[in-house]
Each structure stands twice: as structure tokens, then as C-alpha cells.
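Geometric and topological summary
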Amino acid sequence: MMNDKKFDVLVVGAGMVGAAAACLLARSGFSVAILEAREPQVFDSNAAVGLRVSAFSPGAQAVLTAAGAWRQIEQQRHCHYRRMRVEDRDESVVITFNAPEFGLEHLGTIIENQLVQWSLWQTLQAMGGVEIICPDQLDALEYENDEPVARLQSGRSIHCRLLVVADGANSTVRKMLGIDQDYWEYGQQGIVSVVETGQPNPGIAWQRFMQGGPVAFLPLQDGRSSIVWSQPEAEAQRLLKLDDDTFCAELEQAVAGEIKTWPGTVVSCGPRAAFPLTMRLSHSYAASHAVLIGDAAHVVHPLAGQGVNLGLLDAAGLAEVLVQARSRKADIAGEKTLRKFERWRRSETEVMAKGIHGIRGLFMPEALAPLRRLGLSLVSRSWTVKEAFIKRAAGRNRNAPALARGVALTDLLRT
Ligand SMILES: Cc1cc2nc3c(=O)[nH]c(=O)nc-3n(C[C@H](O)[C@H](O)[C@H](O)COP(=O)(O)OP(=O)(O)OC[C@H]3O[C@@H](n4cnc5c(N)ncnc54)[C@H](O)[C@@H]3O)c2cc1C
């Protein structure tokens, strides 16, 4: 039966990154199987806004368009933002970014992760050339004639030429491939919640660096904000346990300066959850007939909202490298092809990850306040630095994959 079929690509993990990669590769004409351990949750637009929300860059939007999922996403709740404001804890330095200054329609879009994942899943289901294997999971990885064979929990075996590892931050497949990681525990947790302010969020992604860590207010379509508040672990746990009114009062006090100019107060909050904050960088993104993408390859601090954006650019970069290899009649799983992908995406993600790590380091200790203010005021006055920052954060710098820069998939396939 299907056990005998050999796929060009087996993607392990249908999170946002793995599902996007499977869509792009299937739309590029490769035969694709995708394996996912858990059935994705149906997105219900009548349900409360989910706790996991991400800021998707224009580059990520272009990738989701090429994957065929954006049309469905934009028909549901989402919020484009055209302004971003970053400030030091005492508001002595403020950096603002406005989309039109940089020739962009918007700087990003706030969308619930579940909507993106569900839209990609439905796109996969509607597509020919993709076999969805769910729920099932990879138990063991073997090689036959140098090519991967995935042994699944169900007893099935899947043969492929290339294994795309997208099984998230705790990737077991990365470990099976023997790829190590550098790992930083920040000793912090990111508290997420949806809050209502006295005056609705005017469509600004706003972030302040405070003593305990950064807090971000991301705009939602209904005028509320999705927050990510980074705090040392013990403090995060204390904040989680507070009753809603006390939590709102503490949050309001922490961001008091901004709330005055917004203007308003934190009037209510929804459920809260906290996620541990880490940075993980894999020593390699490629192994024999296998590549790592998304959180399986790299995890970054969420302060710049880049995790899933980097992963979607990995997916686009992989599609580009494989399409080019095929048009040169080269092996899509050959060492040269995979090293090209790994050199490109690893250097790009490390620049971003280490940049975010450095920014975080600069903002934490009070002793670095003078240096921080100097750096921030230089950035706030330099259009060139701001433009370079925005282009990279938008996924539109010149090393970004063609699909992220807005090249249509049909044009990529013609090259
Ligand atoms: C508080 C917080 C805020 C964030 N905000 C942002 C933001 O604003 N912008 C941004 O870009 N990023 C943000 N991120 C990061 C972002 O959430 C992640 O980078 C992204 O979700 C990773 O997606 P992924 O598909 O790589 O991995 P995952 O979402 O972890 O998906 C992995 C999938 O693999 C499946 N799987 C695992 N093992 C197996 C197996 N053995 N067999 C089969 N299937 C398997 C899992 O079930 C899962 O579906 C944030 C993160 C945090 C913690």
C-alpha cells in the first residue's frame, strides 16, 4: 500500500512552520507527506481570542500567501499595525517606526496562532499531492540505501528522499539526527493575556523595556491588546496567581507613563498563561537527507516577535533551494543542496537571534542605562539604522527568500 510509496519530502510536525513548508513544497510540484502527532484545533471565530498570538511580518504574510493560506486568514479576525513604538523604562528615549516611512503598507499583522495553523491545515487538506498522516508520530528514524525511513507509532513506515524536521523547540527528531544545540535559559517567563484598556489600542505595537523585562501590547481587531510581559520566573508565577483586578492594577502601574498618553487604564484581562523564555541555536540545520526548520532549528526570545517569522522564512528558503536544485537536475537531498540551505538560513537566523539576545542584555541591568540611552537615541535619530532594522524584521532584507520578498511562487518555478 502507501508503505511502498517513496515521497520526495516527509515533513515531521504540522505546526505553523511545518504546515507552511508542506504547502509550499507541494505547490512546487514535490510529492509530500506530512506527519503530525495531534489533530489541530478547529478555529472558531465566535470563540474568545486565543492566548497564543503572533506578530506576522510582511515577509511572513508573503510566504503564507505563496502557501495558499493567506486569503482564508485575512477573512477572519486579524489586525494590521502601521506603527511601532519602543521605549526605555523611564520613557527617556522613544523609538517610533511608521510603515509609510519605509514604503510598507503595514509593519505587521497580529493573528492568533490557531487561525494560521488551521488555515494552513485546511489548505493542505484541499491540495492534491500531499498525504496527511495524523494523528501519528515518528518513533524511530532509520536509513535504507542512504535514504530516510520514518518508523511511525502506528507501525507504518514512510520512505522519503528528504526529511524536513519541523517538530518544534523540543524536537526529538533533531536529537535522533545527533544535532546538538546551544541553549540559554533566561530564567524568565512570558505572561500572555488579552487586556482591555480604557481607550482602545489605536493600532500600535507598543513595547517598553522595564526592570524585570520587556512588556508588549499588540493591537487586536476589537481594540483590545494581546500582551507579552516578560518577568523573572518567581515574579511571573506570582502575577499569574493574582485575581484579575489586582493583575490589571499591577500591569497598569508598570506601564503607567504610556497608559496616560494612550490614554486610559487597564480595565480588564482575560485568562493568563506563562511560557518559559529560552534561546536555542542548533549547531547544524542539515544532516544526511534531512533539514531542520522553525523552532526545531532555533528558538529566539519573543521580544522582537520573530520566532515564527524566521521559521516561515526557513520554509520559503527551503522551497527556493529545492526548486533551484530540481531545475539544475541536482539531487534535492544531496549534500550540496542541503549545505546551501543550511549556510543561508543558519547565518540569517543567528544574526537575528544574537541581535535579540544582545538587545535583551543591554536592557536588563540598570548599570547599562547610560549606554542603552546613547544607543537608543542614536537609533532613534538614524533613519539608515531604523530602515535596516525594519527591513530585517519585516523579512524584506536582501538575503530574505524570494517568496518573502513578494516574488510569486509561479515566477519562482519559472526560474
Ligand atoms: C510568549 C511567546 C510569544 C511569541 N510571540 C511571537 C510573535 O509575536 N511573533 C513570532 O514570530 N513568534 C512568536 N513566538 C514564537 C512562535 O510561537 C514559535 O516560533 C512558533 O510557534 C514555532 O512554530 P513551529 O511550527 O516551528 O513549532 P511548533 O508550533 O512547536 O510545532 C511543532 C509541531 O510538531 C508536532 N510534533 C512534535 N513532535 C512530533 C513527532 N515526533 N511526530 C509528529 N509530530 C510531532 C507538534 O504536535 C506540533 O504541532 C512567541 C513565542 C512565545 C513563547
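Given the structure is predicted, the values throughout are model-derived calculations rather than measurements.

1. What about the packing of aromatic side chains?
Tallied over the full model, the rule gives 4 aromatic pairs. Counting every residue linked through ring pairs, the aromatic cluster contains F97, F102 and F389. Sitting over the face of the ring of F247, R272 holds its NZ or CZ atom 4.4 Å from the ring centroid. When the ring centre of F30 is taken as origin, the NZ or CZ atom of R326, which lies over that ring, is 4.3 Å away.

2. Some words on the site of the ligand
As a matter of local geometry, the ligand sits amid 30 residues, with E36, R52, A55, D295 and V308 nearest to it. Note that an oxygen atom of the ligand is positioned 3.4 Å from one of the backbone N or O atoms of M16. The separation between an oxygen atom of the ligand and a polar side-chain atom of D295 is 2.8 Å. Protein coverage of the free-state accessible area of the ligand, which is 1,000 Å², stands at 86%. For the shell around the ligand, the secondary-structure elements that each account for two or more residues are α1 (16–27), β3 (53–56) and α9 (307–327).

3. Some remarks on the nonpolar core
Core analysis: the biggest nonpolar cluster contains 86 residues, and L10, L24, V32, F56, L120, L163 and L177 have the highest contact counts within it. With 11 residues, α9 is the single largest residue contributor to this core. Excluding its chain neighbours within four sequence positions, the residues that come into contact with L120 are M16, A19, A20, C23, L64, A67 and A69.

4. Regarding the pattern of salt bridges
Enumeration over the complete set of coordinates arrives at 21 salt bridges. The shortest N-O distance in the salt bridge between R151 and E144 comes to 3.1 Å. Among the salt bridges present, the one from R161 reaches D331, with a minimum N-O distance of 3.5 Å. Separated by 170 residues along the polypeptide, R161 in strand β11 (residues 157–165) and D331 in the loop between α9 and α10 (335–363) bring together distant segments of the chain. Exposure remark for R161: the relative accessible area of 26% places this residue in the partly exposed category. When salt bridges that share partners are traced, they join R339, E342, R346, E350 and K354 into one network.

5. Digging into the packing of helix α2 (residues 58–67) against α9
α9 packs onto α2 with a crossing angle of 45° between their chain directions and a minimal axis gap of 9 Å. When the interaxial angle is binned, α2 and α9 end up oblique. With respect to the hand of their crossing, α2 and α9 are arranged in left-handed fashion. Residue-level inspection shows G59, A60, V63 and L64 of α2 in contact with α9, the latter providing N309, L312, L313 and A316. Across the contact of α2 with α9, the residue classes tally to 6 nonpolar, 2 polar and no charged.

What counts, and at which threshold
Residues numbered from 1 in each chain as written. Predicted model: local features only at pLDDT ≥ 70, side-chain atom pairs only at ≥ 80, totals over all residues. Heavy atoms only, no water. Phe/Tyr/Trp six-rings, centres within 6.5 Å; stacked < 30°, edge-to-face > 60°. Lys NZ or Arg CZ within 6 Å of the ring centre and 35° of its normal. Near = heavy atom within 4 Å. Polar contact = N/O pair within 3.5 Å; in protein donor to acceptor, adjacent residues only side chain to side chain. Areas by Shrake-Rupley, 256 points an atom, 1.4 Å probe, with all protein chains shown as cover. Helix = DSSP H or I, 4+ residues; strand = E, 2+ residues; numbered from the N terminus. Core = buried A, V, L, I, M, F, W, Y, C linked by side-chain atoms within 4.5 Å. Buried < 20%, exposed > 50% of the residue type's maximum accessible area, 1.4 Å probe, protein only. Contact = heavy atoms within 4.5 Å. Salt bridge = Lys/Arg side-chain N within 4 Å of Asp/Glu carboxyl O. Axes fitted to C-alpha atoms, helices over the stretch in contact; angles between N-to-C directions. Parallel < 35°, antiparallel > 145°, perpendicular 65-115°, else oblique. Left-handed = near helix turned anticlockwise from the far one by under 90°. Nonpolar A, V, L, I, M, F, W, Y, C, P; charged D, E, K, R; others polar.

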